[in-house]
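# Overview (structure and organization)
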Amino acid sequence: MKLFDVYPLNNITIDKALGSYVWDNHGVQYLDMYGGHAVISIGHTHPHWVARIEQQLNKIAFYSNSIQIPLQQQLVDKLGELSGKKDYQLFLVNSGAEANENALKLASFHTGRKKIVAFSSSFHGRTSLAVAVTDNPKIVAPVNETDNVIFLPFNDEEALTQCFAKQGEEIAAVIIEGIQGVGGIYEATSDFLQLIRQLCDTYGAVYIADSVQCGYGRSGQFFAHDIAGVDADIYSMAKGMGNGFPIGGILIAPHFKASHGMLGTTFGGNHLACAAALAVLEVMEKENLVEKARQRGMYLKNMLNKVEGVTVIRGRGLMIGFEVEAHLQQIRKVLLNDFNIFTGEAKPNVIRLLPALTIQRKQMDEFLEAIQEAFTEIQSKMNNLQFYATFSFGWRC
Ligand SMILES: Cc1ncc(COP(=O)(O)O)c(C=O)c1O
């Protein structure tokens with residue numbers, strides 16, 4: 001037997017982690033500017049998170065959703081408090097795709113309609129509906145293809161207005177990331193999010209804020225969509241929610257009525273996952289991490305702006321994307337291989353920074369120094385190659 005080979009792997013085995021550092025099986029330390037793909041919110045193996053999971057594990061890890069699980073109510077209360085969406089309802093699942101799948105399904109149940117508006121460069125997951133609203137035909141299997149999804153250009157107010165004018169009565173939902181992650185760190189404008197709110201109100205459609213990657217404090221606000229000053233009807237969440245423990249959920253506005261059997265899952269909201277998620281929120285509150293993400297992100301962006309070779313910087317809080325001059329594009333590999341720093345990428349040439357919200361100034365400076373040195377290293381290797389090319393060419397002549 002072997003694993004189904006779907007991931008291009010780095011030849012590194014990580015077996016220990018703390019805060020913003022991870023260590024491989026040879027004891028080599030790496031700085032994690034990638035947060036294990038935006039998942040690590042309160043830092044690897046945060047002691048409060050470990051203790052809460054351990055305590056829970058010694059009591060009960062799982063029982064089905066057929067009994068009272070008070071931890072779920074504690075999670076709703078804390079989430080309402082920290083997100084500011086106090087009167088919203090919570091449905092718990094296990095991943096980002098599952099959160100979006102249920103958000104879209106609920107929107108369709110609620111409106112009795114089928115059409116969904118999604119946007120260019122979107123990523124919403126790989127399950128059936130989630131992948132159908134994802135703008136990447138390569139990962140859409142024939143069975144996922146549907147005429148129910150309308151793709152529009154991101155942030156194009158005119159196109160959205162026209163679309164609603166034409167078929168607004170058929171539209172069940174608009175789904176949008178507050179900051180596109182996989183698409184390359186592009187922010188939805190406040191005007192665009194406000195227009196979505198307004199059109200959804202006018203036509204009776206559901207505004208779904210995909211907050212799987214950009215939510216949970218990462219942008220410097222609890223939800224990146226909050227920047228527009230309007231509420232979405234449904235917020236989908238996952239990555240940062242469990243700090244690595246698999247959990248996802250949707251926050252659902254009060255006007256949605258639940259009925260028994262409408263949605264369901266075996267594992268969603270289990271005791272252990274709730275304990276992990278509660279630990280995350282407790283740490284976020286105690287360490288004021290949403291505000292820290294905002295401040296730390298500003299520092300990182302300001303400093304990156306001064307690095308020669310960086311051409312474009314986008315994003316907010318600790319969800320940052322930057323591009324570099326064409327001859328420096330091997331930077332991610334050099335950072336990993338020569339400086340032991342993990343970063344993320346978005347095709348074709350965006351470097352994504354998604355560190356833990358607990359990242360320290362010292363660690364950001366370590367990254368900033370490394371990137372300058374890495375650029376110098378790449379440049380001097382190129383100069384050497386040019387020198388040898390000229391030299392050997394001259395010699396042959
Ligand atoms: C914005 C967004 N939505 C949904 C997903 C899917 O989440 P998961 O991989 O947990 O299913 C992702 C994953 O990268 C994402 O970035």
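Residue indices begin from 1 for each chain and proceed along its sequence in written order. The predicted nature of this model means local features are confined to residues of pLDDT at least 70 and side-chain atom pairs, given and counted, to a pLDDT of 80 or more, with totals for whole chains, interfaces and linings taken over all residues. To obtain the side-chain values, all non-hydrogen atoms of the structure were used and water was disregarded.

### Regarding helix 6 (residues 157-167)
- Partly exposed residues are those whose accessible area sits between 20% and 50% of the maximum for their type, while under 20% is buried and over 50% is exposed, using a 1.4 Å probe and protein chains only. Segments assigned H or I by DSSP are reported as helices when at least four residues long, segments assigned E as strands when at least two residues long, and all are numbered from the N terminus. Those residues of helix 6 lying buried are Ala159, Leu160, Cys163, Phe164 and Gln167. All buried residues of helix 6 fall inside an arc of 130° around its axis, so they share one side. Residues of helix 6 that are exposed and point more than 90 degrees away from the buried face comprise Glu158, Ala165 and Lys166.
- Sitting at the head of helix 6, Asp156 places a side-chain oxygen 3.2 Å from the backbone nitrogen of Glu158. Picture the helix axis, draw a direction to every C-beta atom, and the arc is the one those directions span. We call two N or O atoms a polar contact when they sit within 3.5 Å, provided that within protein one can donate a hydrogen and the other can accept it, with sequence-adjacent residues counted only if both atoms are side-chain atoms.

### Some points on the nonpolar core
- We call a set of buried residues a nonpolar core when its members are Ala, Val, Leu, Ile, Met, Phe, Trp, Tyr or Cys and they connect through side-chain atoms within 4.5 Å of each other. Grouped together as the largest cluster of nonpolar side chains are 110 residues, with contacts concentrated most on Phe119, Leu160, Ile196 and Phe367.
- Core analysis: the second largest hydrophobic core is formed by seven residues, Ala38, Ile185, Ala224 and Leu354 among them.

### Notes on a nonpolar patch on the surface
- Nonpolar side chains collect at one region of the surface, where Phe4, Val6, Tyr7 and Leu9 lie side by side and expose about 580 Å² of accessible area between them.
- Turning to its location among the elements, Tyr7 is positioned in the segment before strand 1 (14-18).
- Under the relative-accessibility criterion, Tyr7 is labelled exposed at 63%. For patches, a residue must show more than 30% relative accessible area and have no salt bridge; joins then use 9 Å for like charges and 5 Å for nonpolar side chains, namely Val, Leu, Ile, Met, Phe, Trp and Tyr. Note that accessible areas follow from Shrake-Rupley with a 1.4 Å probe, and for residues the cover is restricted to the protein chains shown. We define a salt bridge as a side-chain nitrogen of Lys or Arg found within 4 Å of a carboxyl oxygen belonging to Asp or Glu.

### A look at the packing of helix 3 (residues 70-83) against helix 8 (residues 271-286)
- Two numbers describe how helix 3 lies on helix 8: the axes approach to 9 Å, and their chain directions differ by 25°. In terms of orientation, helix 3 and helix 8 fall into the roughly parallel class. Seen from above, helix 3 lies across helix 8 with left-handed handedness. Contacts between helix 3 and helix 8 involve Leu71, Gln72, Gln74, Leu75, Lys78, Leu79, Glu81 and Leu82 on the former and, on the latter, His271, Cys274, Ala277, Leu278, Leu281, Glu282, Met284 and Glu285.
- Residues are grouped as follows: Ala, Val, Leu, Ile, Met, Phe, Trp, Tyr, Cys and Pro are nonpolar; Asp, Glu, Lys and Arg are charged; all remaining types, including Gly, are polar. Across the contact of helix 3 with helix 8, the residue classes break down as nine nonpolar, three polar and four charged. Working convention: axes come from line fits to C-alpha atoms, limited for helices to the stretch in contact. Angles between N-to-C directions cover 0 to 180 degrees. Working rule for angles: under 35 degrees goes down as roughly parallel, over 145 as roughly antiparallel, 65 to 115 as roughly perpendicular, anything else as oblique. By definition, turning the near helix anticlockwise from the far helix through less than a right angle yields a left-handed crossing, and turning it clockwise yields a right-handed one. Every residue pair with non-hydrogen atoms within 4.5 Å of one another is taken to be in contact.

### Things to note about the sheet that holds strand 1
- The strand order 1-2-3-15 describes an open sheet built from four strands, whose pairing is mixed. Bordering the open sheet on either side are strand 1 and strand 15 (341-342), each of which pairs with just one other strand. The criterion for strand pairing is that DSSP finds at least two bridges linking the strands in question.

### Topic: the pattern of salt bridges
- Counted by the stated rule, this structure contains 14 salt bridges.
- In this structure, Arg52 engages Glu282 in a salt bridge whose closest nitrogen and oxygen atoms are separated by 2.9 Å. Taken together, the positions of Arg52 in helix 2 (residues 47-59) and Glu282 in helix 8 put the pair 230 residues apart, joining distant regions of the chain.
- Looking at Arg52, the relative accessible area reads 17%, which means it is buried.
- Here Glu282 falls in the partly exposed class, since its relative accessible area comes to 21%.
- One salt-bridge network, held together by shared partners, links Lys78, Glu81 and Glu285.

### Let's talk about the site of the ligand
- Taken together, 13 residues sit near the ligand, with Gly96, Ala97, Asp210, Gln213 and Lys239 positioned nearest.
- In the model, an oxygen atom of the ligand is placed 2.9 Å from a nitrogen or oxygen of the Gln213 side chain.
- At three residues, the largest contribution of residues to the shell around the ligand is made by helix 4 (residues 96-111).
- Looking at the shell around the ligand residue by residue, the classes come out as three nonpolar, seven polar and three charged. Near is defined per residue: the residue qualifies when any heavy atom it owns lies within 4 Å of the molecule or strand.

### Quick look at the pairing of strand 11 (residues 234-237)
- Side chains Ile234 and Ser236 of strand 11 all project onto a buried face; the interleaved residues Tyr235 and Met237 project onto the opposite face, where all are buried too.
- As defined by bridge partners, strand 10 (residues 206-210) adjoins strand 11 across three bridges and the pair is classed as parallel. From the neighbouring strand, Ile208 faces strand 11, where its bridge partner is Ile234.
- As judged from the four bridges shared by strand 11 and strand 12 (residues 248-252), these two strands associate in the antiparallel manner. Each residue of the ladder has a partner; that of Ser236, found in strand 12, is Ile250.

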